[in-house]
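# Coordinates in review
Letter by letter, the chains look like this.
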Amino acid sequence: MNGKVLIIGSNSFSGASFAANALQEGFKVYGISRSGEPSSVFLPYRWLEPELQTGFVFHQVDINQDIDYLTELLNSIKPEYVVNFASQSMVAESWQNPDHWMMTNVVSTVRLHEQLRRCDFLKRYVHISTPEVYGACTGVVAENSCYNPSTPYAVSRAAADMSLMTYFRQYRFPVVFTRAANVYGPGQQLYRIIPRTILFFLTGRKLQLHGCGHSVRSFIHIADVSEATLRIMQSGISGEIYHLSTTRNISVRELVELIAARMEVRFDEHVELVDDRPGKD
């Protein structure tokens, strides 16, 4: 074994994909999420050979409710690495109950960091952040860009990131940050744009494109993100921010048009253009 990795948010698309990558690289992997494991169709580490899967142990833990139990678990496992994919996500919904997003992504997350900074066995903490903290921007975004969040979700993530940076400066806490472009790949939840588009086209439902799909994005395959995250976990420089992206940009409309062409369906017959969501960057 190369060591022990604790993955917080192991049920997430990115977390489950990273778990598979870490297992294949010989790590003992402990996964925690606030809900039980979903169907294996959403868990890439459950697609591995049985002997590799034995290296994975799952615990159901809610950081909002079970911080004491999580602390006991940390001190029992003593992982060299902790990789945190967990957050209250869903950008549009964060306008409805913003306090829920602040509780999970700020208050409970800071409580977790308070425990982690006391773990002398911890070599590195990888905090999976988001480009949402930059708000609306154009071109290539540098790692030292100023935060300009435009939704309650983005505000909550930026607040946790800034808090962590003070931990690095005050305690030399071994944190590194990653921010990935839009990820895609096998096992992704069906509400994300690529699987959602495919599903709607297959079932004959009409897909709504908010803001007419004019927002420009960069998409990166989850396999590349998982590999990069593992390298950063092992060799990243504490206090640094790492952006994971490709050099290709595409509008959401162009992406949907590309999928329509590949699936040989008519874009105009299967897509409805609607108004944009509040605060969308």
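Let me sum up the structure you'll find in this document. (Residues numbered from 1 in each chain as written. Predicted model: local features only at pLDDT ≥ 70, side-chain atom pairs only at ≥ 80, totals over all residues. Heavy atoms only, no water.)

## Considerations on the packing of helix H6 (residues 193–203) against helix H8 (residues 252–263)
For clarity, the cut-off: Note on definitions: angles span 0 to 180 degrees between N-to-C directions of axes, and those axes are lines fitted to C-alpha atoms, for helices only across the stretch in contact. Secondary structure elements are defined from DSSP: runs of H or I of at least 4 residues count as helices, runs of E of at least 2 residues count as strands, and each element is numbered from the N terminus. By definition in this entry, angles of less than 35 degrees are roughly parallel, angles greater than 145 are roughly antiparallel, angles of 65 to 115 are roughly perpendicular, and the rest are oblique. The hand of a helix crossing depends on one turn: near helix anticlockwise from the far one by less than a right angle means left-handed, and clockwise means right-handed. Note on contacts: a residue pair is in contact if any heavy atoms of the two residues lie within 4.5 Å.
It is at 10 Å that the axes of H6 and H8 come closest, and there the two elements cross at 45 degrees. Between H6 and H8, the angle falls in the class oblique. Crossing hand, H6 versus H8: right-handed. Together, Ile193, Ile194, Thr197, Ile198, Phe201 and Leu202 of H6 and Val252, Leu255, Val256, Ile259, Ala260 and Met263 of H8 make up the contact between the two elements.

## Regarding the pattern of salt bridges
What counts here: Should a side-chain nitrogen of Lys or Arg be within 4 Å of a carboxyl oxygen of Asp or Glu, the pair is scored as a salt bridge. Buried residues are those whose accessible area, probed at 1.4 Å on protein chains only, stays under 20% of the maximum for their type, while exposed residues exceed 50% and partly exposed ones sit between those limits.
Across all of its chains, the model carries seven salt bridges by this definition. Among the ionic pairs, Glu114 bridges to Arg117, the shortest N-O distance being 2.7 Å. With a relative accessible area of 22%, Glu114 lands in the partly exposed category. Accessibility expressed as a relative area gives 27% for Arg117, which makes it partly exposed.

## Points about the sheet that holds strand E5 (residues 124–128)
Under the convention used in this document: Two strands are said to pair when DSSP picks up at least two bridges between them.
On the basis of which strands lie adjacent, the open sheet formed by seven strands has the order E3-E2-E1-E4-E5-E6-E11 and parallel pairing. With partners counted over all chains shown, the strands left at the sheet margins are strand E3 (56–60) and strand E11 (241–244), one partner each. Each strand axis lies, on average, 20 degrees off the axis of its neighbour in the sheet, ignoring direction. Here strand E6 (residues 175–180) runs beside E11; their pairing, made up of four bridges, is parallel. Counterpart to Arg179 in the pairing with E11 is His243. Running at roughly 180 degrees to strand E2 (residues 28–33), helix H3 (residues 67–77) makes contact with strand E1 (4–8), E2, E3 and strand E4 (81–84) of the sheet. Contacting E1, E4, E5, E6 and E11, helix H7 (residues 222–235) crosses the sheet at an angle of about 145 degrees to E5.

## A word on helix H4 (residues 98–116)
Just so we agree on the cut-off: Given a helix with a known number of residues, its expected span is that number minus one, times 1.5 Å. We define the bend at any residue as the angle between the axes fitted to the seven residues before and including it, ending there, and the seven starting there.
Helix length check: H4 (19 residues) gives 26 Å between terminal C-alpha atoms against 27 Å at 1.5 Å per residue, within 8%. The sharpest bend along H4 comes to roughly 30 degrees, located at Thr109. What H4 keeps buried is the set Trp101, Thr104, Asn105, Val106, Ser108, Thr109, Leu112, His113 and Leu116.

## Focus on the packing of aromatic side chains
The cut-off we apply is this: In summary, the pairing rule links any two rings of Phe, Tyr or Trp, Trp by its six-membered ring, whose centres are within 6.5 Å, and it sorts them by plane angle into stacked for under 30 degrees, edge-to-face for over 60 and tilted for everything else. Here, a charge over a ring means that NZ of Lys or CZ of Arg falls within 6 Å of the ring centre while also lying within 35 degrees of the ring normal.
The full count for this structure, using the stated rule, is seven aromatic pairs. The interplanar angle of 75 degrees and the centroid separation of 6.4 Å between the aromatic rings of Tyr167 and Phe173 together place this pair among those described as edge-to-face. Taking relative accessible area as the criterion, Tyr167 reaches 9% and is therefore assigned buried. Over the face of the ring belonging to Tyr171 we find Arg117, whose NZ or CZ atom lies 4.0 Å from the ring centre. Taking NZ or CZ as reference, Arg172 lies 4.2 Å from the ring centre of Phe168, over its face.

## Concerning the environment of Trp47
For the record, the criterion: Counted as a polar contact is a pair of N or O atoms within 3.5 Å, where, for protein atoms, one must be capable of donating a hydrogen and the other of accepting one, and residues adjacent in sequence contribute only when both atoms are in side chains.
Among the secondary structure elements, Trp47 is positioned in the loop between E2 and helix H2 (50–53). Other than its neighbours up to four places away in sequence, Trp47 contacts Ser40, Val41, Gln53, Pro186 and Gly187. Of the polar contacts made by the side chain of Trp47, one reaches the backbone oxygen of Leu43; its length is 3.4 Å.

## Considerations on the nonpolar core
Which entries qualify depends on this criterion: To define a nonpolar core, start from buried Ala, Val, Leu, Ile, Met, Phe, Trp, Tyr and Cys residues and group those joined through side-chain atoms within 4.5 Å.
Of all hydrophobic cores here, the largest spans 31 residues; its most connected members are Val5, Phe18, Phe27, Val29, Tyr45, Val83 and Met233. For this core, the elements supplying multiple residues, two or more each, are E1, helix H1 (13–24), E4, E5 and H7. Ranked by residues supplied to this core, first place goes to H1 with seven residues. Counting 29 residues, the second largest nonpolar core, distinct from the first, contains Leu6, Ile8, Leu164 and Phe177.

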